[in-house]
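Residues per chain are reported as follows:
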Amino acid sequence: MDYKQLIVDSIDLAGLDGQSVYDLIVAPKDSAMGDLCIPCFKFAKEMRKSPVAIAEQIAAGAKIGGMIKEVKAVAGFVNFKFDNALYASQALENVLKQGENYGKSDEGKGKTICIDYSSVNIAKPFHMGHLLNTALGGAIYRIYKALGYNVVGINHLGDWGTQFGKLIVAYKLWGNKEDINKRGVRALVDIYVKFHKEEEKDPSLSDQAREWFKAIEDGDKEALELFEYFKAITLKEVDRIYKRLNISFDSYAGESFYNDKMQPVLDELKAKGLLVESDGAKVVKFEDDLMPPCLLQRSDGATLYATRDMAAAFYRKNTYDFYKCLYVVAYQQNLHFQQIFKVLEMIDCDWDKDMIHVAHCMVSLESGSMSTRGGNVVFLEDVLNTAVAKAKAVIDEKNPTLAGKEEIAEQVGIGAVLFGVLYNSRIKDMVFSFDKVLNFEGETGPYVQYTYARCNSLFDKCGEMGNEIDYNGLDNDSCKAVISLLDKYPEILRESAKKYEPSVVTRYAVDLSQAFNKFYFENKINTEREPIKNARLALTKAVRQVLGNALGLLGIATPYKM
RNA sequence: GCACUCAUAGCUCAAUUGGAUAGAGCGUUCGGCUACGGACCGAAAGGUUGGGAGUUCGAGUCUCUUUGGGUGCACCA
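Throughout this description, residue numbers start from 1 for each chain and increase along the sequence as written. Chain A is the first chain written and ligand 1 is the first ligand written, with later ones labelled in order. The model is predicted, so local features are restricted to residues of pLDDT at least 70 and side-chain atom pairs to those at 80 or more, both for listing and for counting; the totals for chains, interfaces and linings are taken over all residues. The side-chain numbers reported here are obtained from all heavy atoms of the structure, hydrogens and water having been left aside.

## A closer look at the environment of Ile 414
Stage number 1. Working definition: helices are DSSP H or I runs of at least four residues, strands are E runs of at least two. Numbering for both runs from the N terminus. Relative to the assigned elements, Ile 414 resides in helix 16 (residues 405-421).
Stage number 2. A sequence separation of 173 residues divides Ile 414 from Ile 241, and the C-alpha atoms of the two residues are 11 Å apart.
Stage number 3. The criterion used for residue contact is that any of the two residues' heavy atoms lie within 4.5 Å. Ignoring anything within four residues of it in the chain, the contact list for Ile 414 reads Arg 244, Leu 245, Leu 384 and Val 388.

What follows is the structure in structure tokens.
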């Protein structure tokens, strides 16, 4: 239902353009003022009148009736109040009719979005920083899918580079296969950290590492076997985590995948005269030295990170013909992506504007920034397990007879962690602490899950809702707050997608939960008056539906009870 | 040094993209289950939106400036 259009149709435009009025209509800051309003300030010049006078004129000429129950001019705003019962009936029936499709649309039909996210590094720990990245990417993936886009999730594996030479040297010196099979990446990290310590004392280790990496490049059998072994160990562990986080990918084409796809890019840059020599290396320079040059080939002929990303960009364009290509990567890489995108612009491809770096913050520890080399990391699995254990303890305390405790603890614990990293806007730096992750009260995942379970519990008590519904049973402020939030959900999804900000959905889930819990305390739902009870159950059902839809987009489970 | 970015209540963060009295949670103090789940709800206290100037009907939001933090700046990824 397009209520903005309804308002435009109900007023005397007095020469104003209908569309521009339409675009201005928003919900007032304070819902007590009304359901929608027109701020009249922008018309002041055109109409040569004060906003206050314009608002009064519009309000005086507005037709009242049907949905529009009251129109009032206040300080340059025209506030419209809806008929609560009618609004409730329309909004709730809309949610219930569409069910799990409520909020979805087909606006992305025929368009493909590539999302590069998670992009794990082989033989490195999966820590809180990766979790943020992975959760963001996964949520954006689902949000775009809900809007009808064809989405391609790409895990651009960090499976190439000199660090694998280092790892082989470390493995041959101190590696213990039994230990690695048992402890996985942790064991690899241990010897990797040790390598960097020993390297300071014995610089010849660096040369050995370079040689071993060269051996990988040259296809040496032993080197490749070890490299594949490290990769298998890492992927096995990471897959286990992805399963728990409800994450999947359509492509695992990582850095090594582009080994044979870089030369054509270099050739094209050369042909266009963009690739120039500088100190023996090949670079692309930017006009007016806007940025440092983009280094694409080392003086020894080897390719670099940027070369791979250029090759990947072309490959993705050719393979998927994307509408947009998103890179969910921390803001550390700002310069890198600015350079890549600028080079694409200089090369005259007409899709450089479709490349978007969805930059997010860094996650640090109270003991400083995370570093694999320095050994200052918290493994994500430890965080997840701790959160699940806490959830289990809370259930044992509050709901000891609950069936299926283990599974529910998993859902609640992981939900808390995911919700926590998706709650703030992605650009704000985060300091990880167990205290924050283990908080299950207030603006948290468990709070929203609890609200969801509370809805279920109401149906257990009241039975299913009947057919006779009196929407006048929803005619008070707390009901209205819930209904206007429910009505807003599709717009929330669009906003979240447009901003590449899952936190818009996360915060909405909290807002809706708060509004519902207030409603719950102020209205008796299980009343003897059936039509009133049915109206309140309809609202409960709609809230449960929308909370479930929203949490689903975030990758968070909705246990029936908890 | 240059570029990017952040700064809002004691703490963690919002603010419909320039709109009405800047809002939540945590923490603190007080109150609430014979009404359906207290992982909840209500109330109170808490603000010169880092400082200064400007743009205009109107600025937390835009511009300039200044301070403080983070990140990046050529053969790592």
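## A look at the protein's contact with RNA strand B
Stage number 1. For each residue, the test is whether any non-hydrogen atom lies within 4 Å of the molecule or strand; if one does, the residue is near. The immediate surroundings of RNA strand B are formed by 60 residues, with Glu 255, Arg 298, Leu 458, Arg 507 and Tyr 520 found nearest.
Stage number 2. Separating a base oxygen of RNA strand B from a backbone N or O atom of Ser 299 is a distance of 2.6 Å.
Stage number 3. At 3.4 Å from a sugar or linking oxygen of RNA strand B is found a side-chain nitrogen or oxygen belonging to Asn 334.
Stage number 4. Elements with a contribution of two residues or more to the surface near RNA strand B: strand 3 (77-82), strand 7 (281-284), helix 14 (334-346), helix 15 (380-398), helix 18 (445-462) and helix 20 (503-522).
Stage number 5. At eight residues, helix 18 tops the list of elements feeding residues into the surface near RNA strand B.
Stage number 6. A per-class count over the surface near RNA strand B returns 29 nonpolar, 15 polar and 16 charged. Pairing of N or O atoms within 3.5 Å defines a polar contact, subject to two protein rules: one partner must be a possible hydrogen donor and the other a possible acceptor, and residues neighboring in sequence count only if both atoms are side-chain atoms. Gly falls in the polar group here, along with every residue not listed as nonpolar (Ala, Val, Leu, Ile, Met, Phe, Trp, Tyr, Cys, Pro) or charged (Asp, Glu, Lys, Arg).

## Topic: unusual backbone geometry
Stage number 1. You will see that Arg 48, though not glycine, has its phi angle at about 55°, which is positive.
Stage number 2. Take Arg 48: it is sitting in the loop between helix 3 (44-47) and helix 4 (51-61).
Stage number 3. Backbone geometry places Asp 279, a non-glycine residue, at a positive phi of 50°.
Stage number 4. Tracing the sequence through the fold places Asp 279 in the loop between strand 6 (275-278) and strand 7.

## Points about the packing of helix 15 against helix 16
Stage number 1. Between N-to-C directions, angles span 0 to 180 degrees; the directions come from axes that are lines fitted to C-alpha atoms, helices contributing only their stretch in contact. Contact pair helix 15 / helix 16: the axes reach a minimum separation of 7 Å and the direction vectors enclose 125°. As the angle between them shows, helix 15 and helix 16 are arranged oblique. As for the relative orientation of helix 15 and helix 16, their crossing is right-handed in sense. Counted together, Val 383, Leu 384, Ala 387, Val 388, Ala 391, Lys 392, Ile 395 and Asp 396 of helix 15 and Lys 405, Glu 406, Ile 408, Ala 409, Glu 410, Val 412, Gly 413, Ile 414 and Val 417 of helix 16 form the full contact between these two elements.
Stage number 2. Per-class residue counts for the contact of helix 15 with helix 16 are 11 nonpolar, one polar and five charged. For classification purposes, angles smaller than 35 degrees are called roughly parallel, those larger than 145 roughly antiparallel, those between 65 and 115 roughly perpendicular, and all remaining angles oblique. Whether a crossing is left-handed or right-handed is set by the direction in which the near helix is turned from the far one by less than a right angle, anticlockwise for left-handed and clockwise for right-handed.

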